[in-house]
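Fold and contact review
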Amino acid sequence: MGALSADYLVFPNGTAYRASIEIADVSRYEFADTGMLGEPIPLTVGEVQLSGNCSPCRFNQTSPSFTSNTRAITFEQGNYTVSYIAPLRDNHLQAYFKSPYHVNITLPQEFNVQNPLLAGFSPGANVTRYPDNTTMVQWDKTLSVDLRFYDQGREDLLYFFLQFLGIIAVVLLLPFLMTMRKAP
């Protein structure tokens, strides 16, 4: 069997994404994000759906508890696709997997990853920009993905800041250069 796949679609306003993740031979799926120290923290999700060789696929939801700090769904053991919507913070999407996954992240035309001063992604990423200005970032057989992206407003702000720094540099260096010319 090849690597499982995970697809993420970032919403045009950049505040959330829709995930569709294949899972194999399991009876539980946990919705967890990673905290500052690498600890699992509950991920707030909505519109959870489970699909597979069942119609409809039934599942039970569990909440974080004293013994488990994550939110999860449980179901009959098998192969499924879990879909959900989760919030995004600061134009940054991270995901971790227990086995190698083929991962696709689709960004709408409002966002970009081409400027390395504003964006970043984990190693092994393949970036494709389509004619309609949407962007697909793909990883093959990866255990984790990390993607930072930006909008036009952030890029404009960066260029304004760099121009401002250039002006400051000229103003500060000009007196020094003038004194060097006067010296015999």
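Refer to the structure above for everything that follows.
The following refers to the structure shown. (Residues numbered from 1 in each chain as written. Predicted model: local features only at pLDDT ≥ 70, side-chain atom pairs only at ≥ 80, totals over all residues. Heavy atoms only, no water.)

What the chain contains, in helices and strands, is one helix and twelve strands. Overall, the chain shows an N-to-C arrangement of helices and strands of β-β-β-β-β-β-β-β-β-β-β-β-α. Over its C-alpha trace the chain gives a radius of gyration of 23 Å, far above what one expects of a compact globule, namely 16 Å for 184 residues. Expressed as lengths along the three principal axes of its C-alpha atoms, the size of the chain is roughly 85 × 45 × 30 Å. Counting contacts in the chain only where the partners sit at least 6 residues apart, residues at least 24 apart contribute 71% of the total. (Helix = DSSP H or I, 4+ residues; strand = E, 2+ residues; numbered from the N terminus. Rg over C-alpha atoms; globule rule 2.2 N^0.38 Å. Contact = heavy atoms within 4.5 Å.)

A few words now on the state of the cysteines. This model, assessed by the stated rule, comprises one disulfide. The residue that forms a disulfide with Cys54 is Cys57, at a sulfur-sulfur distance of 1.6 Å. Residues Cys54 and Cys57 share a disulfide whose torsion about the S-S bond is about 100 degrees; that sign makes it right-handed. The class of Cys57 is buried, set by a relative accessible area of 10%. (Disulfide = S-S within 2.5 Å. Buried < 20%, exposed > 50% of the residue type's maximum accessible area, 1.4 Å probe, protein only.)

Quick look at the packing of aromatic side chains now. Tallied over the full model, the rule gives seven aromatic pairs. Centroid distance Tyr17 to Tyr84: 6.4 Å. Interplanar angle 65 degrees. Geometry classified as edge-to-face. With Tyr17 in strand S2 (residues 16-34) and Tyr84 in strand S6 (residues 71-87), the pair connects residues that are 67 residues apart, well separated along the chain. For the pair formed by Tyr17 and Tyr84, the shared burial category is buried. Aromatic pair Tyr29 and Phe31: ring centres 5.2 Å apart, planes at 75 degrees, arrangement edge-to-face. Taking relative accessible area as the criterion, Tyr29 reaches 15% and is therefore assigned buried. The exposure class of Phe31 is buried, given its relative accessible area of 2%. Here the aromatic residues Tyr8, Tyr17, Tyr29, Phe31 and Tyr84 are joined through ring pairs into a cluster of three or more. (Phe/Tyr/Trp six-rings, centres within 6.5 Å; stacked < 30°, edge-to-face > 60°.)

Turning our attention to the nonpolar core. Core analysis: the biggest nonpolar cluster contains 39 residues, and Tyr8, Tyr17, Tyr84 and Ile105 have the highest contact counts within it. Those elements that provide at least two residues to this core are strand S1 (4-10), S2, strand S4 (46-52), S6, strand S7 (92-107) and strand S11 (135-148). Ranked by residues supplied to this core, first place goes to S7 with seven residues. (Core = buried A, V, L, I, M, F, W, Y, C linked by side-chain atoms within 4.5 Å.)

Here the focus is the environment of Phe111. Within the element layout of this structure, Phe111 appears in strand S8 (residues 111-112). Separated by 84 residues in sequence, Phe111 and Ser27 have C-alpha atoms that sit 36 Å apart. Beyond its immediate stretch of four places on either side in the chain, Phe111 contacts Val10, Phe11, Pro12, Asn13, Gly14, Asn91, Arg129, Thr135, Phe149, Tyr150 and Asp151.

Scope: geometric values only; no functional claims are made or implied.
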